[in-house]
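# Structure assessment
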Amino acid sequence: MDGIALAIDQHRDWFWVDAVFNLGGLFLTTRKNQKMETHFPVCMFVFSVLFLLQVGCAPEVTTLDTPAPPINQSEIDLDRYSSREIGKEFTNVPWIAHVRAFDLNQDGLMDAIGCEAKYNEVIWLQQNEKGQFTEILLAADMQAPVHAEVYDLDEDGDYDILVSCMNIVFPNNNKIGALIALENDGYQNFTKRILLEDVERVTDARAHDMDGDGDLDLIVGQFGYDQGEVRWMKNVGSWQFESQSLLHLSGLINVCVNDFNHDGYPDIAAQFSQHWEEIHLFENDGKGNFTDRIIWGSTNHDFASSGMTTADLNQDGRPDLVFANGDGFGPTLKPGPRPWHGIQWLKNEGNGKFSYKRIGDLAGAYSPIVRDIDQDGDPDILSVSAFNDWGNPESDSLVLFRNDGAQSFTKVTLAYEPIQLLSIDFADFDGDGVGEIISGCFPSFPPFERIGRFAIWKERGHQ
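Here goes a summary of the coordinates provided. (Residues numbered from 1 in each chain as written. Predicted model: local features only at pLDDT ≥ 70, side-chain atom pairs only at ≥ 80, totals over all residues. Heavy atoms only, no water.)

### Examining the nonpolar core
- Counting 34 residues, the largest nonpolar core has L382, L398, I437 and W457 as the members making the most contacts within it.
- Contributing elements (two or more residues each) for this core: β28 (365-371), β29 (380-385), β30 (398-403), β31 (409-415), β32 (421-427), β33 (436-441) and β34 (454-459).
- Setting aside residues no more than four positions away along its own chain, L398 makes contact with S383, V384, V412, T413, L414, A415, I424, I437 and W457.
- Counting residues in hydrophobic clusters, the runner-up holds 17 residues, among them L104, A139, M142 and V163. (Core = buried A, V, L, I, M, F, W, Y, C linked by side-chain atoms within 4.5 Å. Buried < 20%, exposed > 50% of the residue type's maximum accessible area, 1.4 Å probe, protein only. Helix = DSSP H or I, 4+ residues; strand = E, 2+ residues; numbered from the N terminus. Contact = heavy atoms within 4.5 Å.)

### Section: unusual backbone geometry
- Here the amide bond leading from E417 into P418 is cis, since omega sits at 0°, within 30 degrees of zero.
- Note that the residue after P446, namely P447, is joined by a cis bond; omega there is 10°.
- Residue placement: P447 occurs in the loop between β33 and β34.
- One non-glycine residue, A144, adopts positive backbone phi at about 55°.
- Considering the arrangement of structural elements, one finds A144 in the loop between β11 (132-139) and β12 (145-151).
- Overall, A144 belongs to the buried group, its relative accessible area being 1%.
- Phi at Q274 is positive, roughly 55°, even though this residue is not glycine.
- Structurally, the position occupied by Q274 is in the loop between β21 (267-272) and β22 (278-284).

### Structural notes on the layout of surface pockets
- Of the volumes computed, that of the largest pocket is approximately 370 Å³.
- Every residue lining the largest pocket is counted, 19 residues in all, and those nearest its centre are R100, E149, R206, T309 and T310.
- Those elements that place two or more of their residues in the lining of the largest pocket are β8 (96-101), β12, β16 (202-208), β20 (252-258), β24 (305-311), β28 and β32.
- Residues belonging to the lining of the largest pocket are distributed by class as follows: 10 nonpolar, 3 polar and 6 charged. (1 Å grid on protein atoms, 1.4 Å probe; cavity = no way out; pocket = protein on both sides within 12 Å on 5 of 7 lines; lining within 4 Å. Points joined across faces, edges and corners; volume = space filled by probe spheres on them. Nonpolar A, V, L, I, M, F, W, Y, C, P; charged D, E, K, R; others polar.)

### Observations regarding the pairing of β22
- Counting buried positions along β22 gives 7 out of 7 residues, so the element sits mostly inside the fold.
- Neither face of β22 is exposed, since E278, H280, F282 and N284 on one face and I279, L281 and E283 on the opposite face are all buried.
- Strand direction decides the pairing type here: β21 and β22, joined by 5 bridges, are antiparallel. Bridging across to β22, I268 finds its partner in F282.
- Turn length for the β21-β22 hairpin, with the two strands adjacent in sequence and antiparallel, is 5 residues, and the turn residue Q274 shows positive phi of about 55°. (Pairing = 2+ DSSP bridges.)

### As for the sheet that holds strand β25 (residues 320-325)
- Read from one edge to the other, the open sheet built from 4 strands follows the order β24-β25-β26-β27, with strand pairing classed as antiparallel. Here the strands that pair on one side only, and so sit at the sheet edges, are β24 and β27 (353-361). For this sheet, the mean inter-axis angle between neighbouring strands, taken without regard to orientation, is 20°.
- Note: β25 against strand β26 (residues 342-350), 5 bridges, orientation antiparallel. Paired with A324 across the strands is I343, a residue of β26. (Axes fitted to C-alpha atoms, helices over the stretch in contact; angles between N-to-C directions.)

### Structural notes on the packing of aromatic side chains
- Counted by the stated rule, this structure contains 11 aromatic pairs.
- Where W95 meets F442, the ring centres are 5.2 Å apart and the plane angle is 10°; that geometry is what we call stacked. With a gap of 347 residues between them, W95 in the loop between β7 (81-86) and β8 and F442 in the loop between β33 and β34 connect regions that are remote in the sequence. Summarising the burial analysis for this pair, W95 and F442 share the class buried.
- Taken together, the aromatic side chains of W296, F303, F323 and Y356 make up a single cluster linked through ring pairs. (Phe/Tyr/Trp six-rings, centres within 6.5 Å; stacked < 30°, edge-to-face > 60°.)

### A closer look at the environment of T413
- On the secondary structure map, T413 appears in strand β31.
- As a C-alpha pair, T413 and D396 span 17 residues in sequence and 6.3 Å in three-dimensional space.
- Excluding anything up to four places from it in sequence, T413 contacts E75, I76, D77, L78, D396, L398 and V399.

### Notes on the environment of E394
- By the secondary structure assignment, E394 is in the loop between β29 and β30.
- Between the alpha carbons of E394 and T413 there is a distance of 9.7 Å; along the sequence they are 19 residues apart.

Note that every value here comes from positions in space, so none of it alone points to a role or purpose.
Structure, rendered in C-alpha cells:
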C-alpha cells in the first residue's frame, strides 16, 4: 500500500451492497460494528433512495483546519515523457502491487524491486548497463507480496529486503499475513527469514531505530479485514524481535516514520481506510513508548484512502504528510472513480499539529511521490490512477501536480495509458542528473487492455 493500498481489498465496508431480487424483495447487506449482518427485505424504493443518497454525497472532511479546496487548474502535457516496458514479456494479467527504485548491488546503476502479488514473486529489475534491465526472480512463494523496502537489516554491509505479505489480496479475515526478510549474502543471493506470520494481512513495514539503541527495529502495518494492527518490533539481535501492539484497527494502508513533532525521536504516522478513514500519529518518547492520537479524519465512509508518504512539501524543515484517496471499490456495483478522489496535504505546523489542504482532483489516485520533478527547486507530486473511467480514452493515468513554489499546484496530465497503474517511484536511472519514473500495473478489474507490467518513463529532451 504506498504501493499497495491495495486496490481490490479496499472496497468500502460501511455500505457495501449486494442487492438481490427475491420474490419482489431485496436483501441489503451492510457492515456494522465490524460484523456482517443480513437485514430483512426492503422495498426497491427505499433501497433506491438510500443508494442515491450515498453515491451522490461529496465527502465531508473533519480536520483542525479545513479551507475550501482550491480551484483545480488542469493542463495536458502528453509529450513530456516517453515510456518503454522493461522486464519479461507478459501473457497473463499482472498484479504489480509495488515498485521501489534502489541500487541493490551498489554498482552505481539504479535498479528496482517489484512485488508481483498474483504469482507470489519478489523481482529484481537489475540494470546491467545504462538503460538495459534484466529481470531476476529473487524469491518465489512469497505469500502475495504487496510492499518491499530495502535496508541493511543485519548490518553486515549489504542490502536486505523487507517484504510485506497479505497472502490473499482479496478480502479475507483470517490471520494469514506475514512479514518476510530476504537476507542478502553479499552476492545478491537471498535467503528467506520469516519475521512475523499468522497475523492479520500485512500491507506495509518500515525499519528504523525507534528506541535509540543503535539497531533497526520494525514498524508493521496490518490491514487485516475485520481486525488489523499497528505494531512495532524491537530488535533484540540475531534476527529476533519482540512485538508490541500500538493499536488494533482494521484497514491500515501505509505507515511512515519521521520526527513529526521535532523532539528528536522518530514517530509513526499510519493511514487507515475502510469506514475509519483516519490518519493516526504515534508520538515516541525515545524509548519505544508511543502515544496515539488522530490528526485527521473524514466523515465520508467512502473517502477511499489509498496511500501516504512523508515529505517536507513547503520546505520549512518540518516533515509533512501527503496522501491519496482513490480506491475504486465502494457502495456502487461497478468499481470506478469518485468525484472526491484526489491528493491531500497535511501541513506540519509544529508541536505535532497539522493543517489540511486539498492539492487537487485525481480519479483513482494512488501512490503519491514527492520530488522536484521539473527541477525548479521546489517539490512536486506525482501520482497514478488505479481506478478511472477506462472506457474514456482521455481518462488520466499518470499525473503531475506541479508546485509553483508557493504550494499552489497545477494538475498536469502526463499519460492516458497504460491504464490501471498502482505504484510508481522516481529516481535517476541513467545517471544524467534527471530523474525517471518507474511504474507497476495492477489491473484489478476489466478492461484488461492497454495495460503493462513494468515501465520506465524518460523525460523527452533528456534521452
